[in-house]
Amino acid sequence: MALNLGIPRAEYYDARTPGLEALIREVEDQKLVAIDTETTGLVSWRDFPVFWSLAWGNRRICLDATILPLFKRAFENPERAWVLQNAKYDMHMLANVGVLLAGTILDIRVMHCLLYEEEEHTLEYMSKQLLGWQWKDGLAEWKKRKKEFNGVGDYWCYLFATDPQRLIEYASNDAYGTLQLYYILKSQLEAAWVHSLYPETYGNLWDIFYKTEAPFTKVLWKCERNGIYLNQECLRSKEVPAMKEEAELRKQM
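Conventions used here
Residues numbered from 1 in each chain as written. Predicted model: local features only at pLDDT ≥ 70, side-chain atom pairs only at ≥ 80, totals over all residues. Heavy atoms only, no water. Buried < 20%, exposed > 50% of the residue type's maximum accessible area, 1.4 Å probe, protein only. Helix = DSSP H or I, 4+ residues; strand = E, 2+ residues; numbered from the N terminus. Arc of directions from axis to C-beta. Contact = heavy atoms within 4.5 Å. Pairing = 2+ DSSP bridges. Axes fitted to C-alpha atoms, helices over the stretch in contact; angles between N-to-C directions. Parallel < 35°, antiparallel > 145°, perpendicular 65-115°, else oblique. Left-handed = near helix turned anticlockwise from the far one by under 90°. Nonpolar A, V, L, I, M, F, W, Y, C, P; charged D, E, K, R; others polar.

1. Things to note about helix α1 (residues 20-29)
(1) Moving on: For α1, the complete set of buried residues consists of Leu20, Leu23, Ile24, Val27 and Glu28. Angularly, the buried residues of α1 cover 140° about the axis, an arc narrow enough to put them on a single face. Exposed and oriented more than 90 degrees from the buried face of α1 are Glu21 and Asp29.
(2) Moving on: Looking at the buried positions of α1, the neighbouring elements they touch are β1 (10-13), β3 (49-56), β4 (59-64) and α2 (72-75).

Listed below in structure tokens is the structure:
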């Protein structure tokens, strides 16, 4: 594991932590915040956060999920930007406990895809590739001892009870690493010129990400969350023309 001695000290907050009210006000004042969740599982409609983490500036913080409602004003501020890795997943987890992120959603996985399409887009890979920094996998022990726990949420609680600093470091690093990757990827996207018929609107990959991909992330999340209507009759009417077009294209191959 590569070490990064320059990262800020990891912090932890729950309802009893002194300074919680000041922290809430500080988060409300931020324009850009990275957020991540440690959850009970991966099912979008069922699982929920057990712990969560925030990062901005020189702060990296792990928090107990029970205090999520206290940050309601921050979550509901449409002027704030939230940086996530695999944003739709965390948005589902948060929505399952009534938390909706009203601001701009910036997904570093999508940013990475635009630059490194053929490579992995996991947080672990991106951190090693772009930051030269990796932190210990918080689920390494869980993967070996799954049968001993009633789900991964139970494991997070066990880890916090037995080795709280390990959980705090891991969770806060997820948010802080996400934030640092955002800054690097944003710089690379801005430097990546693209040919466009509308150069005043789309002059580089950052323009494409921020003006098209970022808003569409929330659209896709809403589709997954609420479902979509399909006009079956319209779809059936397209079947034969589509098959004919496919056949013609195959002849040209």
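Next comes the rest of the description.
2. So, unusual backbone geometry
(1) Moving on: Residue asparagine 86 is not a glycine yet carries a positive backbone phi of 60°.
(2) Moving on: When you line up the elements, asparagine 86 lands in the loop between β5 (81-84) and α3 (87-95).

3. Points about the pairing of β3
(1) Moving on: A large share of β3 lies buried, amounting to eight of its eight residues.
(2) Moving on: Pairing analysis gives six bridges linking strand β2 (residues 32-39) to β3, with the strands arranged antiparallel. Residue alanine 34 lies in a different strand from β3, and its bridge partner there is alanine 55.
(3) Moving on: In terms of strand pairing, β3 meets β4 through six bridges, oriented antiparallel. By the bridge assignment, tryptophan 52 is partnered in β4 with leucine 63.

4. Some remarks on the packing of α3 against helix α9 (residues 205-226)
(1) Moving on: It is the contact of α3 with α9, at a shortest axis distance of 10 Å, that shows an interaxial angle of 50°. By the angle between their directions, the pair α3 and α9 is classed as oblique. Our pair here, α3 against α9, has a crossing hand that is right-handed. Where α3 approaches α9, its residues Ala87, Lys88, Met91, His92 and Ala95 are matched on the opposing element by Thr217, Lys218, Leu220, Trp221, Glu224 and Arg225.
(2) Moving on: Taken together, the residues of the contact of α3 with α9 sort by class into five nonpolar, two polar and four charged.

5. Comments concerning the sheet that holds β1
(1) Moving on: Pairing within the open sheet is mixed, and its six strands lie in the order β1-β4-β3-β2-β5-β6. Looking at the sheet topology across the chains shown, the edges are occupied by β1 and β6 (104-107). When the angles between neighbouring strand axes are averaged without regard to direction, this sheet yields 25°.
(2) Moving on: Packed on one face of the sheet, helix α8 (residues 164-191) meets β1, β2, β3, β4, β5 and β6 and runs near 140° to β2.

So yeah, pure geometry; function would need other evidence.
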